[in-house]
Amino acid sequence: MLETFFDRHPGWITVGGTDHLVYATLLVLVATGLVAGRRWVRAHEPGVRRVLVGVVVLQQLTLYGFYATAGWDWGESLPLHLSRISALLGLVWLLTRERRVMDVLFFFGLYAWGSFSYPMLIQPATNVLGWSFWVNHTVTLLLPAYAWITTGWRPTARALWRAFGWFLAYLSLALVVNRLTGGNYFYLRDRPFFGDLPLALYLPVAVAATLALFWLGYAVARLVGERTGTWRAGAVA
């Protein structure tokens, strides 16, 4: 059992398989609890925030501690996947409540929806890396909703463009690090889509798709806010 849980190469889950359904079901349950219990969350916000800090710190220590003990690989173990950066942004926001951090986290975190919908190179639920994946992505996806409920934060078009600028900087860094380490950060080598497309053509497609994703995420957030009467910044959700 322990050997399976700490196996560095346990294999990958399949789209629509049991592990995928477990991850998605647990995400839905946590999201439902957050929304349904939003008044309780607001009333106990300091304590809830401390618990979330502990969860994120534990997940980060578990992830990088596992890599350190199982064999550090510069092409795999750095905090340069977008989901790992998002988790660190989430931790910074929990500690500082800085709005500009949440602005970037919201837009970067939209990629986590893709990871849940089409899990590529994700370990099973019986493995420590699988649970690290679930905690990381669940926190990334739900922290903006938590900020919406507890602080009145809302995404803005100006924040979208600022986050897009940070994304371009991140993409440039991923290209350099992948070249130096042979890594697959931002999945530029082993891609979920357009795997046969030359990198020089794939990059502008990825940039355009990211900008479209950011606008889609902003539009959905605005639609939800307007339909629920909570779009105005500071309105009680």
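See the structure shown above.
Draft legend 1. Inspection of a nonpolar patch on the surface at higher detail. A cluster of nonpolar side chains, contributed by V15, Y118, F193, F194 and V205, occupies part of the molecular surface with about 490 Å² of accessible area. Take F193: its relative accessible area is 48%, and that puts it in the partly exposed class.

Draft legend 2. Region of the structure containing the layout of surface pockets. What the largest pocket holds in volume is close to 1200 Å³. Of all elements in the fold, only α4 (45-70), α5 (82-96), α6 (99-117), α7 (128-151) and α9 (199-228) reach the threshold of two or more residues within the lining of the largest pocket. Each residue belonging to the lining of the largest pocket can be placed in one class, and the counts come to 25 nonpolar, 18 polar and 6 charged. Put simply, the second largest pocket is a space of about 790 Å³. Lining the second largest pocket are 27 residues, and of these W113, A145, W148, A221 and V224 sit closest to its centre. Among the elements of the structure, α2 (18-36), α6, α7 and α9 are those that each provide at least two residues to the lining of the second largest pocket. By residue class, the composition of the lining of the second largest pocket is 21 nonpolar, 5 polar and 1 charged.

Draft legend 3. Quick peek at α4. With 26 residues, α4 extends 37 Å between its outermost C-alpha atoms, agreeing within 8% with the 38 Å of an ideal straight helix rising 1.5 Å per residue. All of the buried residues in α4 are E45, V48, R49, V53, V56, Q59, Q60, L63, Y64, F66 and Y67. Where α4 is buried, its residues touch α3 (38-43), α5 and α7. Looking one or two places after α4, you find G71, whose phi comes out positive at around 120 degrees.

Draft legend 4. Structural detail: the packing of aromatic side chains. The final tally for this structure, using the stated rule, is 23 aromatic pairs. Arranged with centres 6.0 Å apart and planes meeting at 75 degrees, the rings of W131 and W134 form a pair that is edge-to-face. With W131 and W134 both in helix α7 and 3 residues apart, this pair spans about one turn of that helix. Between Y170 and F186 the ring centres are 5.9 Å apart and the planes differ by 85 degrees, which places this aromatic pair in the edge-to-face class. Taken together, the residues Y170 in helix α8 (residues 157-181) and F186 in the loop between α8 and α9 connect sequence positions 16 residues apart.

Calculation rules
- Residues numbered from 1 in each chain as written.
- Predicted model: local features only at pLDDT ≥ 70, side-chain atom pairs only at ≥ 80, totals over all residues.
- Heavy atoms only, no water.
- Patch = residues over 30% accessible without salt bridge, like charges linked within 9 Å, V, L, I, M, F, W, Y side chains within 5 Å.
- Areas by Shrake-Rupley, 256 points an atom, 1.4 Å probe, with all protein chains shown as cover.
- Salt bridge = Lys/Arg side-chain N within 4 Å of Asp/Glu carboxyl O.
- Buried < 20%, exposed > 50% of the residue type's maximum accessible area, 1.4 Å probe, protein only.
- 1 Å grid on protein atoms, 1.4 Å probe; cavity = no way out; pocket = protein on both sides within 12 Å on 5 of 7 lines; lining within 4 Å.
- Points joined across faces, edges and corners; volume = space filled by probe spheres on them.
- Helix = DSSP H or I, 4+ residues; strand = E, 2+ residues; numbered from the N terminus.
- Nonpolar A, V, L, I, M, F, W, Y, C, P; charged D, E, K, R; others polar.
- Expected span 1.5 Å × (residues − 1).
- Contact = heavy atoms within 4.5 Å.
- Phe/Tyr/Trp six-rings, centres within 6.5 Å; stacked < 30°, edge-to-face > 60°.

Read these as layout, nothing more, since geometry by itself doesn't imply function.
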